[in-house]
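Listed here are the chains, written in short residue letters.
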Amino acid sequence: CLFVIIGGLRAAGSFLVPIILAFFLTALNMPFIQWQLKRGVPHFLTVILTVLVNLSLISVFVALTVNAIMDFLPEAPFYVDQIRANVEAWGTRIFETPILPDSDQLKEGKENFSEMLRQMTAQFTYELPSANQVVESVMSLMGTVFFVFIIMIFMMQESLLMKLRLDDVHKASGPDLNYLGQISKDIQRYLHIKTAVSLATGALAWLMTMAFGLEFPLLWGVLAFVLNYIPSIGSLIAAIPPCLLALWQLGMVPATLIAVGYISINMALGNVIEPMLLGRRFGISTLVVVLSALFWGWVWGPV
């Protein structure tokens, strides 16, 4: 039964992922909705204003992200070639130090190792996406966004009446489901604090890479912001691409300093400020996070 359910979730990913995203956005927007209602804004106008604000913010975020990616894409083949050249150079340099006396076996080992490196680096290929692929990706994204916002509108309308409906169920001799409201508030609080910390992480990563003169600092800031939603390991994963780029562009010392900077940001925000804001009741096991990221990444992909 468990395997059937997991298989169904994976097969229905294209349908379920937009629903999860709509729930995510609805939970983020609940304080803004409540703030409008307390000031006498009608329900239907509250939903419209919330959707317009979200569309504006998402449009700005998508525009910044697309610009950063489009700046990076033309340079990507050059960096792939650099990866190939550096891997081959570092690999052959291992055998340059005469630790062992030269022999036929050592020469054969060098040749085998060089051939293995050539086969490995031959897989580092990159082709720029065609115009049709870009158009298809944009249209697919727009369709998903439209679907997400349609579901989000109905979720916001239902959320405004959820408390009354839960009370009606209890009055009709049904179970007391008001604990669902507390669960919803916990999810909202967690997401709000996580979003604020992710914004701070992205801003600090952007400023740090820009200060070192690393190329595409906006892209690394956006990457740090998005991946920081994955607890414990997300910000560390976001540090790998800029550190590799810094190693080739700036050298060993600046790359090491950038890596230390990312670790410092993660330690300060992820291990000190975020737990202090969330409290002990929101503590999540790192092992559970890693296993969850692997499992849900396999089921529904990066989202």
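J.: Honestly, the overall build of the protein chain in this entry has me stumped. Any pointers?
T.: Across its full length, the protein chain carries eleven helices and zero strands. Listed by position from the N terminus, the elements making up the protein chain come as α-α-α-α-α-α-α-α-α-α-α. In the protein chain, buried positions account for 26% of the 303 residues. Within the protein chain, contacts between residues separated by at least 24 positions form 72% of all contacts whose residues are at least 6 apart in sequence.

J.: Could you clarify how one ought to interpret the packing of helix α7 (residues 179-211) against helix α10 (residues 252-278) in this entry?
T.: The axes of two packed helices give the description: the angle between them and the distance between them. As a packed pair, α7 and α10 sit with axes 10 Å apart at the nearest point and diverge in direction by 160°. Put simply, α7 runs roughly antiparallel to α10. Where α7 crosses over α10, the two elements pack in a sense that is right-handed. Facing α7, whose interface residues are Arg 189, Tyr 190, Ile 193, Lys 194, Val 197, Ala 200, Thr 201, Leu 204, Ala 205, Met 208 and Thr 209, α10 presents Ile 258, Gly 261, Tyr 262, Ile 265, Leu 269, Glu 274, Leu 277 and Leu 278. Partitioned by chemical class, the residues of the contact of α7 with α10 number 13 nonpolar, three polar and three charged.

J.: Can you help me understand the packing of aromatic side chains in this one?
T.: By convention here, two paired aromatic rings are described through the distance between centres and the angle between planes. Under the definition given, this model contains eight aromatic pairs. Residues Phe 61 and Phe 225 carry aromatic rings whose centres are separated by 5.6 Å and whose planes lie at 65° to one another, so their mutual orientation is edge-to-face. In this pair, Phe 61 sits in helix α3 (residues 43-72) while Phe 225 sits in helix α8 (residues 217-227), placing the two residues 164 residues apart along the sequence. Looking at Phe 61, the relative accessible area reads 33%, which means it is partly exposed. A relative accessible area of 15% means that Phe 225 is categorised as buried. A centroid spacing of 5.1 Å and a plane angle of 40° characterise the contact between Trp 296 and Trp 300, whose relative ring orientation is tilted. Of this pair, Trp 296 and Trp 300 both sit in helix α11 (residues 286-300), four residues apart, which is roughly one turn of the helix. Classification of Trp 296 by relative accessible area gives partly exposed; the value is 37%. In textbook terms, an aromatic cluster arises when at least three aromatic residues are bridged by ring pairs, as seen for Phe 24, Phe 61, Phe 225 and Tyr 229.

So, how was this worked out
- Residue numbers here run from 1 along each chain, matching the order of that chain's written sequence.
- Residues qualify for local features only when their pLDDT is at least 70, as the model is predicted, and side-chain atom pairs are given and counted only at 80 or more; totals for whole chains, interfaces and linings, by contrast, use all residues.
- For the side-chain quantities, the full set of heavy atoms in the structure was used; hydrogens and water were omitted.
- Strands here are runs of E lasting at least two residues and helices are runs of H or I lasting at least four, both read from the DSSP assignment and numbered beginning at the N terminus.
- Only protein chains enter the calculation, and the probe is 1.4 Å; a residue is then buried if its accessible area is under 20% of its type maximum, exposed if over 50%, and partly exposed in between.
- Throughout, a residue-residue contact means that at least one pair of heavy atoms, one from each residue, lies within 4.5 Å.
- Between the N-to-C directions of two axes lies an angle of 0 to 180 degrees, each axis being a line fitted to C-alpha atoms and, for a helix, fitted only over the stretch in contact.
- Oblique is the label for any angle not under 35 degrees, not over 145, and not in the 65 to 115 range, which are roughly parallel, roughly antiparallel and roughly perpendicular in turn.
- It is the rotation of the near helix from the far one that decides the hand of a crossing: anticlockwise by less than a right angle makes it left-handed, clockwise makes it right-handed.
- Under the scheme applied, nonpolar residues are Ala, Val, Leu, Ile, Met, Phe, Trp, Tyr, Cys and Pro; charged residues are Asp, Glu, Lys and Arg; polar residues are all the others, including Gly.
- Two rings from Phe, Tyr or Trp (for Trp, the six-membered ring) form a pair when their centres sit within 6.5 Å of each other. Planes less than 30 degrees apart are called stacked, planes more than 60 degrees apart edge-to-face, and all others tilted.

None of the figures reported here should be taken as evidence of function without further support.
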